[in-house]
Amino acid sequence: MTERTPLLHYRLATSVSETEMRSGPAGKAQEQRLGSSRLKSNQQPQPKKLSIFFGVIIPTLLSMFSVVVFLRIGFVVGQSGLYQAIAMYGVAYFIISMTVLSVCAISTNGALDAGGAYYMISRALGPEFGGSMGIMFFLANVCGSALYVLGLVEAIVATFGVPEDPTLIHSSYQVLPSGYWWSLLYATAIALLCLLVCLVGAHIYAKATFLIFVVVMFVLGTIFISFFAVAPRTINLPGSVNPVSNGTEPAFPTTANFTGFKLDTLLGNLWANYTVDYTTNTMMTFATVFAVMFNGCTGIMAGSNMSGELKNPSYSIPRGTITAVIFTFIIYNLLSLLVACSCDRVLLQRDYSFLRDINIWNPFVTIGVYSSTLSAAMSNLIGASRILYALARDDLFGKVLAPAKRTSHSGNPWVSVIMTWFLVQLVLFSGKLNTIASIVTIFFLLVYAAVDMACLALEWASAPNFRPTFRYFTWHTCALGIVGCAIMMFLINAIYASASIAFMLLLLLLIHYLSPTSSWGYISQALIFHQVRKYLLMLDVRKDHVKFWRPQILLMVSNPRSSVGLITFINDIKKSGLYVLGHVQLGDLDTLPSDPLQSQYDSWLSLVDQLNIKAFVNLTLADSVRHGIQHLLFISGLGGMRPNTLVLGFYDDCLPNDKLMDPSLTTIQCTHQIDPSQDLEQHPPLFHFAPLREFNDQRDDGKALGPQEYVAIIADAMKMLKNVVLARYFNGFDRTRVLSPPAPSPGKGAVYVDVWPVNLLRPDSSSYVDTCSLFLLQLACILNMVRAWRKTKLRLFLCVEEGRSLRGTEEKLGQLLKELRIKAQIYPVPWDKQVTLHWQRQGVWSKNKSTQPPPAGMEERKLMEEDEEDYVNSFPSNTTRLSNDYLSAVNKLILESAQPAPAVRFLYLPRPPADTRRYSTYLAQLELLTKDLGPTLLIHGVTPVITTDI
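Residue numbers run consecutively from 1 along every chain, following the written order of its sequence. A pLDDT threshold of at least 70 governs which residues receive local features in this predicted model, and a stricter bar of 80 or more applies before side-chain atom pairs are shown or counted, although totals over entire chains, interfaces and linings include all residues. Just so you know, side-chain values use all the structure's heavy atoms and leave hydrogens and water out.

Trainee: Just checking my understanding: could you explain the overall build of the protein for this structure?
Mentor: Put simply, DSSP marks the helices as runs of H or I at least four residues long and the strands as runs of E at least two long, and each gets a number from the N terminus on. Counting its regular elements, the protein contains 35 helices and 12 strands. Only protein chains enter the accessibility calculation, which uses a 1.4 Å probe; a residue is then buried when its area is under 20% of its type maximum, exposed when over 50%, and partly exposed in between. Burial status across the protein gives 52% buried among its 950 residues. Any two residues whose heavy atoms approach within 4.5 Å are treated as being in contact. A sequence separation of at least 24 residues applies to 81% of the contacts in the protein between residues at least 6 apart.

Trainee: Got a minute to help me understand the sheet that holds strand β5 (residues 616-622) in this structure?
Mentor: Neighbouring strands of a sheet are bound in pairs by backbone hydrogen bonds; such pairs are parallel or else antiparallel. If you walk across this open sheet you meet the 10 strands as β5-β4-β3-β6-β7-β12-β11-β8-β9-β10, and the pairing is mixed. Unpaired on one side and paired on the other, β5 and β10 (825-830) mark the two borders of the sheet. Strand-to-strand twist across the sheet, computed as the mean angle between neighbouring axes with direction ignored, equals 25°. DSSP bridges decide pairing: two strands pair if at least two such bridges lie between them. The pairing of strand β11 (residues 904-908) with strand β12 (residues 936-940) spans 4 bridges and is parallel. Following the sheet pairing, Arg905 is matched in β12 by Thr936. Lines fitted to the C-alpha atoms define the axes, with helices restricted to the stretch that makes contact. Angles between their N-to-C directions range from 0 to 180 degrees. Each of β3 (553-556), β4 (579-586), β6 (645-649), β7 (723-728), β11 and β12 is contacted by helix α21 (residues 564-572), which is oriented at about 145° to β4, the strand it contacts most. Taken strand by strand, helix α22 (residues 601-611) contacts β4 and β5, and its axis lies near 150° from that of β5.

Trainee: Help me out: how do you make sense of a nonpolar patch on the surface in this one?
Mentor: Among the surface-exposed residues, Tyr180, Trp181, Phe422, Leu426 and Phe429 lie close enough to one another that they form a single nonpolar patch of about 580 Å² accessible area. Elements represented by at least two residues in the nonpolar patch include exactly α7 (180-200) and α16 (414-427). Residue placement: Trp181 occurs in helix α7. To count toward a patch, a residue needs a relative accessible area above 30% and no salt bridge. Like charges then connect within 9 Å, nonpolar side chains (Val, Leu, Ile, Met, Phe, Trp, Tyr) within 5 Å. Per-residue accessibility takes into account occlusion by the displayed protein chains alone, with areas from the Shrake-Rupley method and a 1.4 Å probe. Counted as salt bridges are all cases of a side-chain nitrogen of Lys or Arg within 4 Å of a carboxyl oxygen of Asp or Glu.

Trainee: Even after reading the chapter, I still don't get the nonpolar core, so can you show me in this structure?
Mentor: Grouped burial of nonpolar side chains is what soluble globular proteins tend to show. Counting residues in hydrophobic clusters, the biggest one holds 168 residues, and the most contacted among them are Ile96, Met133, Phe227, Leu335, Phe354 and Leu428. Here the element with the most residues in this core is helix α4 (residues 52-107); it accounts for 30 residues. Counting 61 residues, the second-largest nonpolar core is a separate cluster that includes Trp549, Val617, Phe730 and Ile822. Nine residue types can take part in a nonpolar core, namely buried Ala, Val, Leu, Ile, Met, Phe, Trp, Tyr and Cys, and a core is a set of them joined through side-chain atoms within 4.5 Å.

Trainee: Would you take a moment to explain the pairing of β11 for this structure?
Mentor: The two faces of a sheet get side chains in turn, since along a regular strand they alternate between them. Within β11, 5 of the 5 residues are buried, which leaves it mostly tucked inside the rest of the structure. The side-chain alternation of β11 yields two buried faces, one formed by Val904, Phe906 and Tyr908 and the other by Arg905 and Leu907. Direction of pairing for strand β8 (residues 752-756) relative to β11: parallel, over a ladder of 4 bridges. Across the sheet, Asp754 pairs through a bridge with Arg905, a residue of β11. We call a crossover right-handed when, viewed with both strands directed away from the observer, the connection leading from the first strand over the helix to the second proceeds clockwise. Taking the sense of rotation as the criterion, the β-α-β connection linking β11, helix α35 (residues 919-929) and β12 turns out right-handed.

Trainee: I'm lost on the packing of α7 against helix α15 (residues 362-393) in this one. Help?
Mentor: Axes are the key here: two packed helices are described by the angle between their axes and the distance separating the axes. Remark: α7 packs on α15, axes separated minimally by 10 Å, with the N-to-C direction vectors making an angle of 60°. Between α7 and α15, the angle is such that the two are oblique. As for the relative orientation of α7 and α15, their crossing is right-handed in sense. Two secondary-structure elements touch here, α7 through Ile190, Leu193, Cys194, Leu195, Val197 and Cys198 and α15 through Leu374, Ala377, Met378, Leu381 and Ile382. Of the residues in the contact of α7 with α15, the class split is 11 nonpolar, no polar and no charged. Just so you know how the angles are binned, under 35 degrees is roughly parallel, over 145 roughly antiparallel, 65 to 115 roughly perpendicular, and the rest oblique. Throughout, a crossing is termed right-handed when the near helix is turned clockwise from the far one, and left-handed when it is turned anticlockwise from it by less than a right angle. Amino acids are sorted into nonpolar (Ala, Val, Leu, Ile, Met, Phe, Trp, Tyr, Cys and Pro), charged (Asp, Glu, Lys and Arg) and polar (every other residue, Gly among them).

Trainee: Help me out: how do you make sense of unusual backbone geometry in this one?
Mentor: Residues apart from glycine generally show negative phi values, whereas peptide bonds are mostly found in trans. Looking along the chain, the bond that leaves Gln899 and enters Pro900 is cis, with omega of 0°. Considering the arrangement of structural elements, one finds Pro900 in the loop between α34 (884-897) and β11. The backbone of Leu721 sits at a positive phi, close to 60°, despite the residue not being glycine. Within the element layout of this structure, Leu721 appears in the loop between α26 (707-719) and β7.

Trainee: How should I be thinking about the packing of helix α23 (residues 625-635) against α26 in this particular structure?
Mentor: Packing of α23 against α26 leaves a shortest axis separation of 9 Å and a crossing angle of 20°. Of the possible angle classes, the one that applies to α23 and α26 is roughly parallel. Helix-helix and strand crossings are classified by hand; for α23 and α26 the assignment is right-handed. Between α23, through Val625, Arg626, Ile629, Gln630 and Leu633, and α26, the contact on the second element is made entirely by Glu709, Ala712, Ile713, Asp716 and Ala717.

Trainee: Would you mind going over α23 with me for this structure?
Mentor: Note: α-helices contain 3.6 residues per turn, so residues at a spacing of three or four share the same orientation. Every buried residue of α23 is accounted for by Val625, Gly628, Ile629, Leu632 and Leu633. Taken down its axis, α23 places every buried residue within 135° of arc, on the same side. Opposite the buried face of α23, at more than 90 degrees from it, the exposed residues are Phe634 and Ile635. For α23, the secondary structure elements touched by its buried residues are β3, β4, β5, β6 and α26. Once α23 finishes, Gly637 follows within two positions and takes phi at roughly 85°, a positive value. Taking the helix axis as origin, the arc is that swept by the directions to the C-beta atoms.

Trainee: How should I be thinking about the environment of Pro413 in this particular structure?
Mentor: For Pro413, the location among the structural elements is in the loop between α15 and α16. The class of Pro413 is buried, set by a relative accessible area of 1%. Separated by 23 residues in sequence, Pro413 and Ala390 have C-alpha atoms that sit 9.8 Å apart. Ignoring anything within four residues of it in the chain, the contact list for Pro413 reads Arg386, Tyr389, Arg406 and Thr407.

Trainee: Hey, could you run me through the pattern of salt bridges in this one?
Mentor: If charged atoms from side chains of opposite charge come close, those side chains can pair. All chains considered together, the criterion is met by 13 salt bridges. For Lys892, the salt bridge identified is with Glu896, shortest N-O distance 3.8 Å. Taken together, the residues Lys892 and Glu896, both in helix α34 and 4 residues apart, mark about one turn of the helix. Connected via shared salt-bridge partners are Asp652, Arg728 and Glu927.

Below, the structure is given as structure tokens:
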């Protein structure tokens, strides 16, 4: 029995593990009961020890502060002004707040494992969406790590680098060479340092980040004090990459002022004034500034990324993330206000390191920049490596990410760390912070939108098991987060946003078709269930109309091994209607220990997948096949989606052929002989069906029911106003072979479908417009509408007798087909010789004697005592009086009239006789009528299914 409650299993395994640690020997008795799941837990000896402060708050704060707070706070205010800067922070924090609420909801809904946001998304939305978003989140963290490394290099070069413009005066400590390749060298060295720290493990990283956190908080304190303690001063500006003069103004200024708190300075910094960025020589806009500023908000997932290292992720992630977000929002707005009040516009636009120049001691800010950016780079590097490790462990990409599963003895995924570092190194070739800022921002926005979408889907699915302890969210907050992320993505850079979404969809399709089925649960199934239930309630059977009729079929299958051809054929004529595979197993639940059908559903569903058909499966347990089919006809379907047509295989003596090879049998049988179906051997489906019947079985010829019960099932279905279809000679039916005849064959390779829409057992009732005949035409037309059968040609056979108006009958039938929009060729078939053998015509010449003894002697003598006039049009009388000669003649007529032979024949199925004693005779007549006809459907319709109205 498989475990279908992983959350409960996780909790039980954890509690047992904890109990064992406390109780010692008492826990060892339970250890043996845990099985393989306990072995998996023992493969991770590294305990989860990080608390909420060290595991969530510190990484999140350092990731969010990093570059923006020290290097870009003046850039944001100087370009966009105080008003737009505050608006940017409001928009950015609104978006991330909606996402934080979604993260808190998902993280408090169950046990979290390594992978952070990827784990949340994949377990909520399924492997396709989760895997594609996991790769996007991984790339976002890789680019984010490179962004912070480049920010640190920029700060180092600004402090210790020799100016590229030789005309500028530089201080004695500016000794480092500058330029693209030198910056790349410095970035590589910093990335290597981050790699070494991350290779040691998450606990060393946590200790290092705590020291960095203390330093950053101290530096922030000195910055706030400096605005009040430092006197106004003039500051020398760094040189431009490419100084440009527009002819009307002088070249860029070389000095700017720190004015202290002045109203004029504040008024000058209120409104936007976008200019050229002196580091990239590109014109700034609201979107580009927002992209740079938003990087200060992308660290909200830093704590979630450490979910595999936390002591209690469900408790720590919500509280730690919300605390860090509120704290950074306050700091950013306070700094923006202080900067706008004390620094002139030129200083903010032309010197991104001005906080160092106005600090009470310049090295403080330098230390803060180095510490925060180094910590953020390490945070993104270790976060990306954990996401890659989680992706590899889930086997979504097969052998591509297999090496990333390797871990050290302490549980550190060192291969994932190295692979992540290598990608970071590739991104460092971009060279400038602002160059990749837009890409990083769009990646993170896409991931945030996915987290909101996961939470929204869980909320909309209304699953009872989605009950997070964090309740401060609604579907409105999720929807606002998705809309906000989408809008900002395209405002920042529409091309990058479109390319990112296209890449994500490509990954989604790749995973959908290549990855194995997971056991995580698919949110799509919950959403589909929710919507289907709603629309089924709206499907009112009282509003049914014949214009919108479609076949809704219940196909009874005794053993799928011999029914593959019929199952695939009926799938073609369902016309987007309900298709149910039904099966009756004989038995009594009172005498059984459990329901034997539950274990069979997997085999039936695997069969549906293997045959690529769109069908449901309905199994029932009954004391007889007849009662079981009655059950299925009564209860199959829901609301307005209920079967209206019953399809049965024909009752004859043909031995069934096994079209499904049992893997357990083929491995034994195929050691000495070659099986023709090699594909089934190479990819054996997981079928566990009973072997086919043989003549030496226990009951007669091995059948589960007799002819009397079989005909009774047909009569029952008609009483329940169900259309009935009997399918014969479909045991070896192969659609591909039937629809691809050899070219030299008669008819130049054309494929035909023959329709005989008249009751061949009653020549006197040769009407082509009764309900049953029209139902025949409808099913044949539906088959012709299917793509695979579209090139087949319908042949309609018109049985005529001498002396009747052939031309008039043919014209009327042609006009009927035209009104019904059915394209078919009409073939008149004279059947005078056959009709003369019918008992009615013989009765005209010999009223009181039969020209040929009827097949049932004793029953016939009893029947002759009845008043023949009362039974002149009754089926019991017709069934009794039909001769074998007449049936053989009609059978020969059908065979000879159809040249070349059709792919399928549609014949009229008469009602069973009212007298149940005639059932065996009735079945014998149907068998003789359809003898050697090839794939044939005997069809009886009881409800109107076709109309000429619009």
